[in-house]
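# Structural characterization, general
So you can see what is in the structure, the chains are spelled out below.
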Amino acid sequence: MLNYKAIFILLMFAPITAYAGLDSYSFVHVTIETPWAIFIFLCFLVLAPFVLMAILYWHFALKRHGKKNKAEVETK
């Protein structure tokens, strides 16, 4: 039968120095470039749908304009 209290106590005293670094701010390197990197990432993330929307609008507008011109040529 496992004694959960004994296992818990052993785990409490286990060396956790390798894991302690993950909770600290030593891995977070904030420099002057960090806000610019965040801005550029968010700029592309926000503007990408608008660019895609403009490209799709342009594509289908040209396709519709081509069909319209083709119909006019056939009726003449």
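Residues numbered from 1 in each chain as written. Predicted model: local features only at pLDDT ≥ 70, side-chain atom pairs only at ≥ 80, totals over all residues. Heavy atoms only, no water.

### Some points on the overall build of the protein
Counted only if it meets this: Per the convention used, a helix needs a DSSP run of H or I reaching at least four residues, while a strand needs a run of E reaching at least two, with both numbered from the N terminus. Note on classification: 1.4 Å probe, protein chains only; a residue is buried when its accessible area is under 20% of the maximum for its type, exposed when over 50%, partly exposed between these limits. Computed by Shrake-Rupley with a 1.4 Å probe, the accessible areas treat only the displayed protein chains as cover when residues are assessed.
Across its full length, the protein carries three helices and zero strands. Counting helices and strands in the order they occur from the N terminus, the protein gives α-α-α. For the protein, with 76 residues in total, the buried portion stands at 1%. A total of about 7,900 Å² of accessible surface is found on the protein, and carbon and sulfur atoms cover 76% of it.

### So, the packing of aromatic side chains
So the rule is basically this: Two rings from Phe, Tyr or Trp (for Trp, the six-membered ring) form a pair when their centres sit within 6.5 Å of each other. Planes less than 30 degrees apart are called stacked, planes more than 60 degrees apart edge-to-face, and all others tilted.
Under the defined criterion, the tally for this structure stands at one aromatic pair. Residues Trp36 and Phe39 carry aromatic rings whose centres are separated by 6.0 Å and whose planes lie at 90° to one another, so their mutual orientation is edge-to-face. In this pair, Trp36 and Phe39 both sit in helix H3 (residues 33-75), three residues apart, roughly one turn of the helix. Given the relative accessible area of 56%, Trp36 is considered exposed. Judged by relative accessible area, Phe39 falls into the partly exposed class, the value being 48%.

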